Amino acid sequence: GALEAPGPAPRAAPAALPVGSAAPPADPAVRLQVGVPLAWRSAEVQPTIGASLDYGTGAPYLGYLVAASAAPLRLLAPGEGPAWARPLEVAVLWSQRFFSSTPAGGEPLASREERLVADVAYPWRVGRTRVAARLGFALHRFAVEENAVLPSSTRTGPRLGAEVSHPFTSAFAAEAAVGLYPWSGPGAAERAAYGQDASGWGWQIGLGASGPLRGTRGLGWRAGYDLLHFSDSFSGPGSRGTGGSGGATYHTFTVALTYGR
């Protein structure tokens, strides 16, 4: 009988991509963030001699947060300069929160919490995970009206930090951060109250989530929580006590709108 023509050769099955082989998202050269923090503060001082302080804001207080970061080489000279320097970023965060506080046995006082952080950050990738080390300067102030019960708190000093972010989907990334304030001791008002020879340090941890806003170019959202704590020691005479130890703790929830390009 007649010979039948051979049919087309079977097509090879497409090769399966390994799980997690998608290229990691590119870092924007510029990031902006505008948010609303919701915060609580507690503080205590236990002097060796004198009246102790045990203070809490009770109700939360609100404010605003503005942050910006940029990678100068990637922004101003894309593709130029040494490869190791291209990821380098500079970042600034500014926040103020406002509250009327009432110390035990006192009258309501106008209060303000203020934060300023200026960092240099160096990020790198481990697979799809973004890791960054930070080094910079921080100012933290909780200011209150002049009164005989609660001193204002002002701290300045270097800041060390590290952060990690992992995109689980194209719409959701989880974040974590730690910070260390090795020489952020009490300011002039607290030293005058509890002892001029004072020292202190602080630490911070943060957790968050972020993602893009669908249908927009570069806009996104972020929600996070951070815990900031300072520990202090005093020695020598003060107007409210002599020596002892103390500290302050700040809890903050933040929701923010972000932009990157």
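Asker: Any chance you could explain the overall build of the protein here in plain terms?
Answerer: Regarding its fold elements, the protein presents two helices and twelve strands. The order of helices and strands in the protein, counted from the N terminus, is β-β-β-β-α-β-β-β-β-β-α-β-β-β. For the protein, with 261 residues in total, the buried portion stands at 39%. Taking the intrachain contacts of the protein between residues at least 6 apart in sequence as the baseline, contacts between residues at least 24 apart amount to 63%.

Asker: Can you help me understand a nonpolar patch on the surface in this one?
Answerer: On the surface, a cluster of nonpolar side chains totalling about 670 Å² of accessible area is made up of Trp 84, Leu 88, Val 90, Val 120, Tyr 122, Trp 124 and Val 126. Tracing the backbone through its elements, the reader meets Val 126 in strand β6 (residues 109-126).

Asker: I'm lost on the environment of Ala 39 in this one. Help?
Answerer: Its location among the elements puts Ala 39 in strand β1 (residues 30-46). Along the sequence, Ala 39 and Thr 252 sit 213 residues apart, while their C-alpha atoms lie 4.3 Å from each other. Setting aside chain neighbours within four positions, we find Ala 39 in contact with Pro 60, Tyr 61, Arg 97, Glu 113, His 251 and Thr 252.

Asker: I'm lost on the nonpolar core in this one. Help?
Answerer: Here is a general trend for soluble globular proteins: nonpolar side chains tend to be buried in one another's company. Counting 20 residues, the largest nonpolar core has Leu 53, Tyr 55, Tyr 61, Phe 142, Tyr 194 and Tyr 250 as its most contacted members. Elements with a minimum of two residues in this core: β1, β3 (53-56), β7 (129-144), α2 (188-194), β11 (219-237) and β12 (241-260). Each residue touching Tyr 194, except ones within four places of it in the same chain, is listed here: Val 45, Pro 47, Ala 51, Leu 53, Pro 151, Phe 234, Gly 236, Gly 238, Arg 240, Gly 241, Thr 242 and Gly 243.

Asker: Any chance you could explain the pairing of strand β5 (residues 89-101) here in plain terms?
Answerer: Each regular strand displays side chains that alternate between the two surfaces of the sheet. In this sheet, β5 lies alongside strand β4 (residues 61-70) in antiparallel orientation, the contact comprising nine bridges. Across the sheet, the residue bridging to Tyr 64 is Gln 96, located in β5. Sheet topology note: the β5/β6 ladder contains 13 bridges and is antiparallel. If you follow Leu 93 over to β6, its bridge partner there is Val 117.

Asker: Explain the side chain of Arg 97 here, please?
Answerer: Locating Arg 97 in the fold gives a position in strand β5. Engagement of the side chain of Arg 97 in a polar contact is seen with the side chain of Thr 252, the distance being 3.3 Å. Sequence-distant contacts of Arg 97, defined by excluding residues within four places in its chain, comprise Pro 37, Ala 39, Tyr 61, Leu 62, Gly 63, Ser 111, Arg 112, Glu 113, Arg 115 and Thr 252.

Asker: In this structure, what is going on with the side chain of Asp 226? I would like to understand it.
Answerer: Among the structural elements, Asp 226 can be located in strand β11. Residue classification places Asp 226 among the buried positions, given a relative accessible area of 15%. Within polar-contact distance, the side chain of Asp 226 engages the side chain of Arg 115 at 3.5 Å. Not counting residues up to four positions away in its chain, the partners in contact with Asp 226 are Arg 115, Gln 204, Ile 205, Gly 206, Tyr 250, His 251 and Thr 252.

Asker: So what exactly am I meant to see when it comes to the confidence of the model for the protein here?
Answerer: The predicted structure's coordinates, where accompanied by low pLDDT, should not be read in detail. Averaged over every residue, the pLDDT of the protein is 90; the share at 70 or more is 89%. For the protein, β3 is the element with the lowest average pLDDT, namely 89, and strand β9 (residues 172-181) is the one with the highest, namely 98. Note that pLDDT drops below 50 for residues 1-5; the model gives that stretch zero contacts with residues more than four away or on any other chain. Contacts of residues 12-21 to residues separated by more than four positions or lying in other chains number one contact, the stretch itself having pLDDT below 50.

Asker: So what exactly am I meant to see when it comes to the packing of aromatic side chains here?
Answerer: Geometrically, a pair of aromatic rings is defined through the distance of the ring centres and the angle of the planes. One pass over the structure, following the stated rule, counts nine aromatic pairs. Three or more aromatic residues joined by ring pairs form one cluster here, namely Tyr 55, Tyr 61, Phe 99, Phe 142 and Tyr 250. Its end group placed over the ring of Phe 142, Arg 41 keeps NZ or CZ at 4.2 Å from the ring centre.

Asker: Please explain the environment of Thr 249 as it appears in this structure.
Answerer: Within the element layout of this structure, Thr 249 appears in strand β12. Between the C-alpha atom of Thr 249 and that of Leu 227, which follows or precedes it by 22 residues, the distance is 7.3 Å.

Basis of the calculations
- Position labels on residues start from 1 in each chain and follow its written sequence.
- Side-chain atom pairs in this predicted model are given and counted only at pLDDT of 80 or more, local residue features only at pLDDT of at least 70, and totals for whole chains, interfaces and linings cover all residues.
- Hydrogens are left out, water is left out, and the side-chain values use all remaining heavy atoms of the structure.
- Here a strand is any run of E in DSSP of at least two residues, a helix any run of H or I of at least four, and the numbering for each starts at the N terminus.
- When a residue's accessible area, from a 1.4 Å probe over protein chains only, is under 20% of the maximum for its type it is buried; when over 50% it is exposed; and in between it is partly exposed.
- Whether two residues are in contact is decided by their heavy atoms, any of which lying within 4.5 Å being enough.
- Within this analysis, patches are made of residues with over 30% relative accessible area and no salt bridge. Like charges are joined at 9 Å or less; nonpolar side chains (Val, Leu, Ile, Met, Phe, Trp, Tyr) at 5 Å or less.
- Method for areas: the Shrake-Rupley scheme with a 1.4 Å probe, in which residue coverage is limited to the protein chains shown.
- What counts as a salt bridge is simple: a side-chain nitrogen of Lys or Arg found within 4 Å of a carboxyl oxygen of Asp or Glu.
- Throughout this description, the term nonpolar core refers to a set of buried Ala, Val, Leu, Ile, Met, Phe, Trp, Tyr and Cys residues connected via side-chain atoms within 4.5 Å.
- For two strands to be treated as a pair, DSSP must find no fewer than two bridges joining them.
- Contacts described as polar in this section are N or O atom pairs within 3.5 Å, which, within protein, must combine one atom able to donate a hydrogen with one able to accept it, while residues neighboring in sequence count only if both atoms come from side chains.
- Every residue carries a pLDDT, the predictor's confidence in it, which falls somewhere between 0 and 100.
- Stacked, tilted and edge-to-face pairs are distinguished by plane angle, under 30 degrees for stacked and over 60 for edge-to-face with tilted covering the rest, among Phe, Tyr and Trp rings (Trp via its six-membered ring) whose centres lie within 6.5 Å.
- Cation placement over rings: the criterion is NZ of Lys or CZ of Arg within 6 Å of the ring centroid and within 35° of the ring normal.

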